[in-house]
Amino acid sequence: MKKIIHLIFFIFFIFFINCIHSLIPPQPINPIKNPQNLHYYQIFNNKEAYGVSITGPNATDFCNSFSYNGNKGYLVTFTSEEEWNWGKENNLTTSGLWISGSDAEKTGVWKYSKGSPEEDDFMYNLYFDKCYSFCLFGSLEPNLIKDEHWLHTSGSVAVPYINNNGPLALLDRYVCEFGGYEEPHIPPSPTTGSTVIIKRLNSFTIDNQLSIIFTNREDSSKTFSCTTITRIDSTSVECVIPPGQGKFTVIIKDSKNTVNNLPIYWNYELPMIGGVYPVFTKGSVTTITGANFGTIASEITITLGAPGVPCNNIIITQAHEVLTCVLSESLTGNKFLPITITVSTNTFISFKAAIFYNGYYYSGFLAWATFETSMIDYASNLRIDGQIGHMGSLYDDTLIQFANNTLPVQNGNARWILWQNAKYVGNGNFVYITGPNQGKPCILKHKSIIGGDAVKATWTEDTRFVIYLDTLELTNMTISSYTGVLTEYGGTPPSFTTPNKVNAIDTIGGKVDIGIDNYGTIFSKITVFFDGQSVDFERDYINGELDVQIPSGFDGPYEIVVRVDTLNTTAKSQFIKYNEPSIVNINRVPTTGGIVTITGGSFSNVLSNTILTFGTCSSLTVLVPYKSYTCSLPAGTGTIPVTLKISNQSSTTTLYKYQEPSITYSNNIAQVGGILSISGNNFGINSNLIVVLITGGSENVNVTCKNVVIMEDHEKISCLSPPLLPDTYSLVVIVDGISSISPQYQLEYFNSDLYTNQDKADLLINGKDLPDATTLSIVLNGIDISSYCSGSQALIKCSNLPLTVESGTLSITQGDKIYPTIPVTMKPWISSISNQLLDTIQTSEVTITGRYFEQPIRVLRDNVELIENQDYTFNSPEEVVLHIYGGFGLNHTIVIENQNQLKSNKVIYSFFAPELLSVTQVEDLVVIIGRNLSETTTLIFGSYEPTIKFINGNRIEFNLEVSKSRNGDIYVIVDSQKSNILSLDINPILNSIKPTPSSFNRTSKITISGKYLFEEDSNNNPVKLQFQYTFKTPSVNSPSGFLLNCLALVESTDYECDIQAGYGQFEIAAISKSLLISNSLQSEYESPIVLKVLSQVYFDEPIDLLISVINFKIDYTQVFIEDRECTNVSMIDQTTIKCKYQSTIPPSERKGGLNVKVISANLSGENQCLVYSTLYDCELLNNCSGHGDCNRKLPKCICYQGWRGQDCSIDSEKYPPQPEPPIIDEDGSTTFPGSKINYTVAITHLVEMDLNDNPVRYLSLSEIEWTNRTGLSSSSNFYGGNFNKQGDNSTVFELIIHYFSEEGEIQFAGETLYMPENSIKYQATILGWKFSSELNYLVTVFKSKTDSSEVYNCESIETQSRYLKNQYQIQTFSTSLTGKFASRAIIDDRIIQTELIQIDKENNSKIYNFIGASTDDNYDNTKFTLRTGVISPRFITKTIIDPSFGQLLRPEDNDEDTNCSSNKWKLPVIVVISVVGGSTLVGTASVFYYRKLKNKRSMKRMSISMNSMKD
């Protein structure tokens, strides 16, 4: 039954769709006109018109069928932000309107729909998150739901955006646009510039005067032209867009001043975000990679998150591709994405940018796609900076926190539900399905499983999983379910997309496109090795290729390897093989021999590895390296097999032929036969190889003319022709198997014994038994020529005929004897040419003189007919003047042909050979000045053929190529004419000097980089290259102008040099051949490095300040504290400066202190290292009991005479003896003899906190493992341990305990501290702590513990506590424990101010609860517990804190009533200082001090011991 219902529904749906197709679409009525582009727009409501909604494909077809005012319609294309905003103002972007755009051809690659002017233009690429002109998609769009290939508007009226939908989705309305088909179409260009094809230039004349000018819409003074315009066909051209950025209007103008009537709006491609290094706090610097950033940082704005937080101080670190910016406010409560970037008013919002985390990139997208689509079609197709994407997994808490902080809030607050790259393998275990860890164990971090164990029991290897990012709920889904994906990039070595491929290239070298995956990020170091040597390349991110520049070479195959940082492609998996030589053409020379040019590909540039098999062709010469040779071929006939072997590879055999024989003249002959005299070319010199045939006629004869004789080598032969009927026949000459060229020469047999031929200008009359010419009347065409003729018998010769003689009938009579008339056609004869060497540019007038130029004539130049009165002037039958309008080359021929197709002899002329006058270099540009140059000029420099940038008749410009250009000869070839040779020595160019050299104490290594830094010329001859050093800072002993000792790292570009110690600034120039000096690069020595302030400084107390500095020259040194100068600067030693500081600048809010800046020889260094020392109160010392003065710097009471004790409360005469020295055991426990009450102080935890003061993790010292206990002296012990048992293999904990039997002072972090007698100082060091974020900090937790009360005179008195600056005090009735903390700590060798915090239920309760303190405190209510913490900012290697503890004595109270009814006891007073798990590190100082209780007191002994205490 269910199947029947489905069938009925399907039939109904097909009927419904057919109904829509059969509808006649409505026609546009009063559409809206856009004043920007003058196009018309109209919304059509299919539901109102026909009662049915419409699909996207149908809407496309409907719009394509419309027209308005002669403009063809199409589904609206929003191609700019301005057009979209105008559409928004006119309600054309309201939700539910079909618009142009489809990815039906390739899912995820969106183009404008068919039928639009922009058809097939790229709109958006989902895999690179790249928008080309405009695409305002929502954060969830376009998704990858199956078959959703069409676009429509969505969102609200105020905030519309673009959405994608399927082919069967139905909407009521769609928008049609009219106009644009008649307009030129220019696709956008990347900001790096590109070659574009401009179409629909129907109304323009495409010639060399066509101009295409772009004007910036924001600043009309900024314009550029599309250059190198090349005609493709009658309606389109190709031209080059230069690098740039912004939006423009375009004016197109042709030679007829035709200008586009309608405005053309154009823009560079929108910026694209690739990878991002995220930050979250104000003032932090983020790095963004991508494309189309341009080069003008001031025209870029960036915001992060939504609402957007500006990222300012933008710096472009790599043109078009990489920039940095500084976050203006912290992203508290905000997400890092989306990123909104505007480059010169071109804006793009990226919701899918890849964010760098923990060595990988991650990007998220709620693609609403199935598992297979998400993993295979989406994630694996993504590329970031050359790294392949793969589906990711939420494998730890920090990644989850990172994802929550970065992934954007989606439209409608859609939840992030992410497919997981995990396969269930049983027992609660997973493995990765794809990616670099495929098949390895995978952890899915989750808090709960939806459905619990019952659902878990159904899991199999085919189960697929998702995790809800906000709640970390794990659930299984079917493979066909739809959800989002987190893509991870990285972790895989580079690999070739086509393994074991052998790439072919010509021997000249060039670019090879190597398809490669995982070739690193924009920050990766990529090296391409060809046959073990590094070569240049360019990265093509879009196509996933490295465009590798292969040098010239031979044979192969040779291995090519790509290294990304430290990872290489698989060995022997990609190769380059040089092509075998191929012969394309060999010019054919006459049988007289001559110079042949052999052209083709994969030739050599030298003759040492070249073998040419070509008969006896000699004098082999390289004409154009790798492309052509010349050799001298001797006289010969027929064919010759030719092969060329280059190194170990040979070409296929080419069959060479000498030029065909050609017949220019033959005498006609009587029907009785006779001697044929044949003139022409290429007859050779061996009559045995010549066959003369007479063919055709009415009887189609084919006979041989026998007895061939060479009359003149190559040019004239004779033979005995047989009798034939009077007729016209074809004359064919075959020389060594090669037949004369067509059309065949026509030979006439006539009905007479008489016949004529011609010798130059003379007429020859042949016959039999002819009488003496003096007895004959000889008339030619009515002109009596008898007096000009002589001879008899078989030949009469008529010479120096008058100018009136021309072709006609020859009549010979002798008295009444009349010979048959003979028709005579005089062959033109050229006797001279006035000028045989012509100008290449100017028109030359060349006079041709001779005889029988009988009209109509044809003048042939190089077998091409010239035009009378344009190319030549006919003056008379004896003179023709040629107008030769310049040209190039040798041995151009002139032949004159009469109306009978009789051709004259040839005369030749040539043009002046090319001549080079000068060659100069300006940076990369070389300019050659010369004469007789042509656009077809071949330029040779050294061993290669440069690409000509500009050329005219007297100037050539080309750019040098770093990898090829060397000093060498330079010449040109124009039409096989080689110019004179000039030599070009290249000026070196310097680009950079790295690193900064050491200043004073030693010779340093620097790398000088530049161009044309070679030590051999193009002929491998040595070139002397030197680097000159000049010291620029003034000094008596300033070294200057001396040469550095250098070694080439990369030939031509990089040298490593030794540079002596110095200071300030210096210059380096390269000198080639002792004459050619490069540009000078200015650099500098190491700047001053401010290490620390050596003096103890107090606010508002002037001081001679001592500063530890390196790299300074005191003669040129100034010192500033913040922005105030420290005066009277002098040098104590090479690392110490002294200056006068008034100490009036208030303390810095930065923990690092005031900034100390040292400027020396114009170089500066600074460090926030001036930290004021703390002034303490003596309040915890009873303000010295009124019997002394407080030294607030130590702090210490200075007792008046007659008083002693730390608080001056003990009469000198009653001062009690010191207790016994402490006993320190092997665990670090220290015990002082005492009585009455115990004190315990312990470091219990190390707690890492995040930016929001939330605990991240902790280590408990109760489980520390001590690995080192060493006695340093009789009063000092060292302890060291680790936390391996807690899974932390990096953190190390160290402690030094020092006992002071007598009072003294110590120095810590530049601060002097007072140590009372019988006290202990601790120096605690924490090393190797691995912070999970750069923004986190560490809290060292101390626990102080004693009895909650004390009994005195049988009365219980409660214990109390109080806090002061960097101090705390626990007070019992009889004694007090004071913890004193240094105001400073050492962080990675930097001195910073530190902070003491209180930790309890009200203060810092997050830490209190995190370490389980409440449980501990509730365990024993007879004890009083106080917890404090010392804050250490994030450190890289270590932090050092320096607490101290001492014992305070007081007089004993002898009046105390100890006879209480409840108990009689006496408890020793012991202060225990320990580390939980073992006495090692104490981060707080406890000082026991006394107070007066009564007038009569006796001395009581107190002691300190170190014991273990479990927290």
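Higher on the page you've got the structure.
Right, let's walk through the structure included here. The structure displayed is predicted, hence computed values, not measured ones.

1. Focus on the overall build of the protein
Across its full length, the protein carries nine helices and 134 strands. Its C-alpha atoms give the protein a radius of gyration of 50 Å, clearly above 36 Å, the size a compact globule of 1511 residues would have. Based on the C-alpha atoms only, the size of the protein along its principal axes is roughly 190 × 100 × 60 Å. Counting only residues that meet the buried cut, the protein has 52% of its 1511 residues in that class. The contacts in the protein between residues at least 6 apart in sequence include a share of 64% that link residues at least 24 apart. Approximately 66500 Å² of the protein is accessible, and the part contributed by carbon and sulfur atoms is 49%. Averaging the positions of the 110 positive and the 152 negative side-chain charges in the protein gives two centres separated by 7 Å.

2. Describing the side chain of asparagine 125
Relative to the elements of secondary structure, asparagine 125 occurs in strand 7 (residues 122–125). The class for asparagine 125 is buried, based on a relative accessible area of 10%. At a separation of 2.9 Å, a polar atom in the side chain of asparagine 125 contacts the main-chain amide nitrogen of tyrosine 127. Contacts of asparagine 125, omitting those with residues within four sequence positions, involve Gly108, Val109, Lys130 and Tyr132.

3. Observations regarding the state of the cysteines
All chains considered together, the criterion is met by twelve disulfides. Between cysteine 226 and cysteine 239 runs a disulfide, and the two sulfur atoms are separated by 1.9 Å. Between cysteine 226 and cysteine 239 the sulfur-sulfur dihedral comes to about 90°; the bridge is accordingly right-handed. In this pair, cysteine 226 sits in the loop between strand 14 (223–225) and strand 15 (227–233) while cysteine 239 sits in strand 16 (residues 236–241), placing the two residues 13 residues apart along the sequence. Cysteine 239 shares its class with cysteine 226; the two are buried.

4. Brief notes about the environment of valine 732
Looking at the element boundaries, valine 732 is found in strand 62 (residues 727–735). In sequence terms valine 732 and proline 743 are eleven residues apart; their C-alpha atoms lie 9.9 Å from each other. Among all residues touching valine 732, those that are not within four sequence positions of it are Ile663, Val691, Val692, Leu693, Ser739, Ser740 and Gln744.

5. Topic: the side chain of asparagine 518
Its location among the elements puts asparagine 518 in the loop between strand 40 (510–517) and strand 41 (526–530). Within the local environment of asparagine 518, its side chain forms a polar contact with the backbone nitrogen of isoleucine 388, the two atoms lying 3.0 Å apart. Excluding residues that lie within four positions of it along the chain, asparagine 518 makes contacts with Gly386, Gln387, Ile388, Thr492, Pro493, Pro494, Ser495 and Val564.

6. Re unusual backbone geometry
Alanine 306 connects to proline 307 through a cis peptide bond whose omega is 5°. Of note, proline 307 is situated in the loop between strand 21 (300–304) and strand 22 (309–318). With omega at -5°, the peptide bond leading from glutamine 855 into proline 856 counts as cis. Relative to the assigned elements, proline 856 resides in the loop between strand 75 (844–851) and strand 76 (858–861).

7. Structural notes on the layout of surface pockets
Approximately 1800 Å³ is the volume attributed to the second largest pocket. Every residue lining the second largest pocket is counted, 49 residues in all, and those nearest its centre are Pro551, Val962, Ser963, Lys964 and Arg966. Listing elements by their share of the lining of the second largest pocket, those giving two or more residues are strand 41, strand 42 (533–535), strand 44 (545–550), strand 51 (618–624), strand 87 (968–974), strand 94 (1045–1050) and strand 95 (1052–1059). Broken down by element, the residue count for the lining of the second largest pocket peaks at four residues, all from strand 41. Of the residues assigned to the lining of the second largest pocket, the class counts are 21 nonpolar, 16 polar and twelve charged.

8. Examining a nonpolar patch on the surface
Residues Ile213, Ile251 and Val259 make up a contiguous nonpolar surface patch of about 200 Å² in total accessible area. When you line up the elements, valine 259 lands in the loop between strand 17 (247–253) and strand 18 (264–267).

9. What to know about the pattern of salt bridges
Any two side chains of opposite charge can pair, given that their charged atoms come close. For the structure shown, the criterion picks out 35 salt bridges. In this structure, lysine 130 and glutamate 269 form a salt bridge, with 2.7 Å as the shortest nitrogen-oxygen distance. Note that lysine 130 is positioned in strand 8 (residues 130–131) and glutamate 269 in the loop between strand 18 and strand 19 (272–277), a separation of 139 residues in sequence. Glutamate 269 matches lysine 130 in its accessibility class, with the two residues each being buried. Residues aspartate 1058 and lysine 1005 are paired through a salt bridge, measuring 2.7 Å at the closest nitrogen-oxygen approach. Of this pair, aspartate 1058 sits in strand 95 while lysine 1005 sits in strand 91 (residues 1004–1013), placing them 53 residues apart in sequence. The exposure class of aspartate 1058 is partly exposed, given its relative accessible area of 23%.

10. Some words on the sheet that holds strand 95
The strand order across the open sheet formed by four strands is 90-91-95-94, and the pairing between neighbours is antiparallel. Two strands lie at the open edges of the sheet, namely strand 90 (989–994) and strand 94, each paired on one side alone. Between one strand axis and the next, the sheet turns through 25° on average, direction left out of account. In this structure, strand 90 lies alongside strand 91, joined through five bridges in antiparallel fashion.

11. Examining the pairing of strand 70 (residues 808–814)
Across four bridges, the pairing between strand 67 (residues 777–780) and strand 70 is antiparallel. Across the sheet, the residue bridging to leucine 780 is leucine 810, located in strand 70. As defined by bridge partners, strand 70 adjoins strand 72 (residues 822–824) across three bridges and the pair is classed as antiparallel. Within strand 72, the residue paired with threonine 809 across the bridge is proline 823.

12. A look at the packing of aromatic side chains
All chains considered together, the criterion is met by 60 aromatic pairs. Summarising the aromatic geometry, the rings of tyrosine 127 and tyrosine 378 are spaced 6.3 Å apart at their centres and angled 40° between planes, so their arrangement reads as tilted. Taken together, the positions of tyrosine 127 in the loop between strand 7 and strand 8 and tyrosine 378 in helix 5 (residues 371–378) put the pair 251 residues apart, joining distant regions of the chain. The pair formed by tyrosine 127 and tyrosine 378 is uniform in burial state, with each residue classed as buried. In this structure an aromatic cluster arises from ring pairing among Tyr1029, Phe1031, Phe1042, Tyr1063, Phe1066, Tyr1085 and Tyr1116. Residue placement shows arginine 464 over the ring face of phenylalanine 371; its charged tip is 5.1 Å from the ring centre. Over the aromatic face of tyrosine 971 sits the side chain of lysine 978, whose NZ or CZ is 4.2 Å from the ring centroid.

13. Structural notes on the sheet that holds strand 32 (residues 429–431)
Here we have three strands laid out as an open sheet, ordered 31-32-33, and antiparallel in their pairing. Across the chains shown, the open sheet's two edge strands, defined by having one partner strand only, are strand 31 (423–426) and strand 33 (441–442). Inspection of the sheet shows strand 31 paired to strand 32 by three bridges, in the antiparallel sense. Its bridge partner lying in strand 32, glycine 426 is registered against asparagine 429.

Rules behind the numbers
- Residues numbered from 1 in each chain as written.
- Predicted model: local features only at pLDDT ≥ 70, side-chain atom pairs only at ≥ 80, totals over all residues.
- Heavy atoms only, no water.
- Helix = DSSP H or I, 4+ residues; strand = E, 2+ residues; numbered from the N terminus.
- Rg over C-alpha atoms; globule rule 2.2 N^0.38 Å.
- Buried < 20%, exposed > 50% of the residue type's maximum accessible area, 1.4 Å probe, protein only.
- Contact = heavy atoms within 4.5 Å.
- Areas by Shrake-Rupley, 256 points an atom, 1.4 Å probe, with all protein chains shown as cover.
- Lys, Arg positive; Asp, Glu negative; His and termini not counted.
- Charge placed at Lys NZ, Arg CZ, Asp CG, Glu CD.
- Polar contact = N/O pair within 3.5 Å; in protein donor to acceptor, adjacent residues only side chain to side chain.
- Disulfide = S-S within 2.5 Å.
- 1 Å grid on protein atoms, 1.4 Å probe; cavity = no way out; pocket = protein on both sides within 12 Å on 5 of 7 lines; lining within 4 Å.
- Points joined across faces, edges and corners; volume = space filled by probe spheres on them.
- Nonpolar A, V, L, I, M, F, W, Y, C, P; charged D, E, K, R; others polar.
- Patch = residues over 30% accessible without salt bridge, like charges linked within 9 Å, V, L, I, M, F, W, Y side chains within 5 Å.
- Salt bridge = Lys/Arg side-chain N within 4 Å of Asp/Glu carboxyl O.
- Pairing = 2+ DSSP bridges.
- Axes fitted to C-alpha atoms, helices over the stretch in contact; angles between N-to-C directions.
- Phe/Tyr/Trp six-rings, centres within 6.5 Å; stacked < 30°, edge-to-face > 60°.
- Lys NZ or Arg CZ within 6 Å of the ring centre and 35° of its normal.

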